[in-house]
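# Structure assessment
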Amino acid sequence: MNQTDIEWMREALALARTAGAADEVPVGAMVVLDGQVVGRGFNRPIGGHDPTAHAEILALRDAAQRLGNYRLAGCTLYATLEPCAMCAGAIMHARIARVVFAAADPKTGACGSVVDLFAQARLNHHAKVEGGVLAEESAALLSSFFAARRSQTLSA
């Protein structure tokens, strides 16, 4: 983990907080190319009634539009939660070079927690993956979100 990764992850965490404020699971993601943010996203599946509106997917879409290409070679994707299988597949198709995530996802993580799609030799693209950057901060954000949700359910 380097200082630059920490700085980018802090920005992704700010996006996660935006998602949480909108009653979405607090996950944020950014795509960075040559030291510039080219794509941003935060979870919106609930409000958008869209099961594909994960932070990573929205950040990839934003970057592809800005760069005018669905291939995002040379880019790094920062996500506050380990990408799921859907997001990992999109990351592969976009040809992202590197994935940096904060908290591991023991239920749906596809970068090593449940499965590791990037380690599958039969798949044609393999991004470099690094997890654990500001993991505690991201995990705390997620835990407090779900604790608040449980509290609302119990008091209703």
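Details of the structure are given in the entry above.
Residues numbered from 1 in each chain as written. Predicted model: local features only at pLDDT ≥ 70, side-chain atom pairs only at ≥ 80, totals over all residues. Heavy atoms only, no water.

## Notes on the overall build of the protein chain
When you go through the protein chain residue by residue, the secondary structure sums to five helices and five strands. Helices and strands appear in the protein chain in the N-to-C order α-β-β-α-α-β-α-β-β-α. A compact globule built from 156 residues would reach a C-alpha radius of gyration of about 15 Å, and the protein chain, at 15 Å, matches this within 12%. Expressed along its principal axes, the backbone C-alpha trace of the protein chain runs to roughly 50 × 35 × 30 Å. Relative to its 156 residues, the protein chain shows a buried fraction of 45%. For the protein chain, restricting intrachain contacts to residue pairs at least 6 apart in sequence, the fraction spanning at least 24 positions comes to 58%. (Helix = DSSP H or I, 4+ residues; strand = E, 2+ residues; numbered from the N terminus. Rg over C-alpha atoms; globule rule 2.2 N^0.38 Å. Buried < 20%, exposed > 50% of the residue type's maximum accessible area, 1.4 Å probe, protein only. Contact = heavy atoms within 4.5 Å.)

## Here's the deal with the environment of Asn-69
In this structure, Asn-69 sits in the loop between α3 (55-67) and β3 (76-81). Residue class for Asn-69 comes out partly exposed when judged on its relative accessible area of 38%. Along the primary structure Asn-69 and Phe-42 are separated by 27 residues, whereas in three dimensions their C-alpha atoms are 21 Å apart. Here the side chain of Asn-69 touches Arg-71 through a polar contact of 2.9 Å, landing on its backbone nitrogen. (Polar contact = N/O pair within 3.5 Å; in protein donor to acceptor, adjacent residues only side chain to side chain.)

## Description of the layout of surface pockets
Taken as a whole, the largest pocket encloses approximately 270 Å³ of empty space. For the lining of the largest pocket, a count of residues per class yields eight nonpolar, two polar and two charged. (1 Å grid on protein atoms, 1.4 Å probe; cavity = no way out; pocket = protein on both sides within 12 Å on 5 of 7 lines; lining within 4 Å. Points joined across faces, edges and corners; volume = space filled by probe spheres on them. Nonpolar A, V, L, I, M, F, W, Y, C, P; charged D, E, K, R; others polar.)

## Digging into the pairing of strand β2 (residues 36-42)
The buried fraction of β2 is high, at five of seven residues. Here strand β1 (residues 28-33) runs beside β2; their pairing, made up of six bridges, is antiparallel. When the sheet's bridge partners are listed, Ala-29 is paired in β2 with Gly-41. The antiparallel pairing of β1 with β2 creates a hairpin that spans two residues between the two strands, and Asp-34 there sits at a positive phi of about 50°. (Pairing = 2+ DSSP bridges.)

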